[in-house]
Amino acid sequence: MATFVISKRFSGDYKFEFTSRKGKTIFMSNAYELRMDCESAAEQVRSVLETCSYVKFKTTKGKFFFRVVVNDEVMATSRKYSTELMVQKGIIEITKYGIKAEILDFSNDHFIFED
């Protein structure tokens, strides 16, 4: 099952990632100062994944990626892909499984397995 994973960056900001059913990151959100803002943005993106815009780009090195745009605001940027077909497959996975994805919060510094 695909998931939205909320985590904390080294800078202290929060982000969410959409990971595929195989555990590979498809896109990563912008930075959020508060965890609540990050959670609400993940909820908002999840609710509009089928209807939002996906704008495709190509880097100068020939890699492909896309941005998730909701109401004229860039909410997330995908990982880099080697072909445009792989980008399209990533977008298809998002629209197919994103609505059903659960949101997991790993932003706390509490680890289950401590040394």
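Remember, predicted model here, so these are calculated numbers, not experimental data. (Residues numbered from 1 in each chain as written. Predicted model: local features only at pLDDT ≥ 70, side-chain atom pairs only at ≥ 80, totals over all residues. Heavy atoms only, no water.)

Engineer: Sorry, what's going on with the overall build of the protein here?
Structural biologist: Looking only at helices and strands, the protein has 2 helices and 7 strands in total. Along the chain direction, N to C, the helices and strands of the protein fall in the order β-β-β-α-β-β-β-α-β. In terms of overall size, the protein behaves like a compact globule, its C-alpha atoms giving a radius of gyration of 14 Å where 115 residues would be expected to give roughly 13 Å. Its C-alpha atoms give the protein principal-axis dimensions of roughly 40 × 30 × 25 Å. When each of the 115 residues of the protein is scored for burial, the buried share is 37%. Considering only intrachain contacts with a sequence separation of at least 6, the fraction spanning at least 24 residues in the protein is 45%. On the protein, roughly 7500 Å² of surface is accessible, and the fraction owed to carbon and sulfur atoms is 52%. Side-chain charges in the protein split into 18 positive and 16 negative, and the spacing between the mean points of these groups amounts to 13 Å. (Helix = DSSP H or I, 4+ residues; strand = E, 2+ residues; numbered from the N terminus. Rg over C-alpha atoms; globule rule 2.2 N^0.38 Å. Buried < 20%, exposed > 50% of the residue type's maximum accessible area, 1.4 Å probe, protein only. Contact = heavy atoms within 4.5 Å. Areas by Shrake-Rupley, 256 points an atom, 1.4 Å probe, with all protein chains shown as cover. Lys, Arg positive; Asp, Glu negative; His and termini not counted. Charge placed at Lys NZ, Arg CZ, Asp CG, Glu CD.)

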